[in-house]
Amino acid sequence: MIYKTWEELEKSIVDCQRCKLCKARQNIVFGQGNRNAKIMFVGEGPGADEDLQGNPFVGRAGKLMDMAFELVGIKRDEVYIANIIKCRPPANRNPEEDETVACMDYLRSQVMLIKPEIIVLLGSVALKNILGKEYGITASRGKWIERKGIKYMPTWHPAALLRDENKKIDFIKDLMLVMEEK
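Residues numbered from 1 in each chain as written. Predicted model: local features only at pLDDT ≥ 70, side-chain atom pairs only at ≥ 80, totals over all residues. Heavy atoms only, no water.

**Student:** Explanation requested: the overall build of the protein chain in the structure shown.
**Tutor:** Each helix and strand in the protein chain was counted, giving eight helices and six strands. Put simply, the protein chain runs from its N terminus to its C terminus through helices and strands in the order α-β-β-α-α-β-α-β-α-α-β-β-α-α. By the compact-globule yardstick of 16 Å for 182 residues, the protein chain fits well, its C-alpha radius of gyration being 15 Å. Projecting the C-alpha coordinates of the protein chain onto the three principal axes gives extents of approximately 40 × 35 × 30 Å. (Helix = DSSP H or I, 4+ residues; strand = E, 2+ residues; numbered from the N terminus. Rg over C-alpha atoms; globule rule 2.2 N^0.38 Å.)

**Student:** Is there a simple way to think about the packing of helix H1 (residues 6-13) against helix H4 (residues 97-114) in this case?
**Tutor:** The packing of two helices is summarised by the inter-axis angle and the distance between the axes. Here H1 crosses H4 at 160°, and the two axes come no closer than 10 Å. If you check the angle between H1 and H4, you find them roughly antiparallel. For the crossing formed where H1 meets H4, the hand is left-handed. Note on element contacts: H4 touches H1 through Tyr106, Ser109, Gln110, Leu113 and Ile114, opposite Trp6, Leu9, Ser12 and Ile13. The class makeup of the residues in the contact of H1 with H4 is six nonpolar, three polar and no charged. (Axes fitted to C-alpha atoms, helices over the stretch in contact; angles between N-to-C directions. Parallel < 35°, antiparallel > 145°, perpendicular 65-115°, else oblique. Left-handed = near helix turned anticlockwise from the far one by under 90°. Contact = heavy atoms within 4.5 Å. Nonpolar A, V, L, I, M, F, W, Y, C, P; charged D, E, K, R; others polar.)

**Student:** Before we go on, may I ask you to explain the pairing of strand S6 (residues 150-155) in this structure?
**Tutor:** A large share of S6 lies buried, amounting to five of its six residues. Judged from the five bridges that link them, strand S4 (residues 118-122) and S6 form a sheet pairing that is parallel. Along S6, the bridge assignment pairs leucine 121 with proline 154. Pairing analysis gives three bridges linking strand S5 (residues 145-147) to S6, with the strands arranged antiparallel. Its bridge partner being in S6, arginine 147 is matched across the sheet by isoleucine 150. Where S5 hands over to S6, the hairpin turn is made up of two residues, of which lysine 148 adopts a positive phi near 50°. (Buried < 20%, exposed > 50% of the residue type's maximum accessible area, 1.4 Å probe, protein only. Pairing = 2+ DSSP bridges.)

**Student:** Would you mind going over the packing of helix H3 (residues 60-72) against helix H8 (residues 167-181) with me for this structure?
**Tutor:** As a packed pair, H3 and H8 sit with axes 10 Å apart at the nearest point and diverge in direction by 50°. With respect to H8, the element H3 is oriented oblique. The element H3 and its partner H8 pack so that their crossing is right-handed. Note on element contacts: H8 touches H3 through Lys168, Phe171, Ile172, Leu175, Met176 and Met179, opposite Leu64, Met65, Ala68, Phe69, Leu71 and Val72.

Written out as structure tokens, the structure reads:
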């Protein structure tokens, strides 16, 4: 179901029980930012810090993303940040297909309400769930893909930058492309 107003959407998710992730969550991590943003960022799902605070990208990966934002001139309060799934998977594992399917109407509704011009796909899970399983992050990152009037920029998930320092340069270059397009 696609929700036509923020009020309907927020009311529908308050006590979501659509998948097994609801059993262990502390908070639903709905999304955060400017609801009229031209640029939207979509990750895979909340981690431990996000689950505790109820906001996306507030842990170590989020802090790294904030530093990259500052470097290229992105203001966090001017963009909207969300995830494919809204509850933390155990041990930060990748979301399972039934979990992503259960949450996709929430994300679709967010996209329809925000009407972003650009969506930055943070990592493989976001890329595959939004554009299709045939896409790989290594081959797709840094390349514009346009669908239904929205430009998509796949890039590394900020958590990948914590594991591989070399990806930071690519991530910043991809954000610079986003700022040039804006």
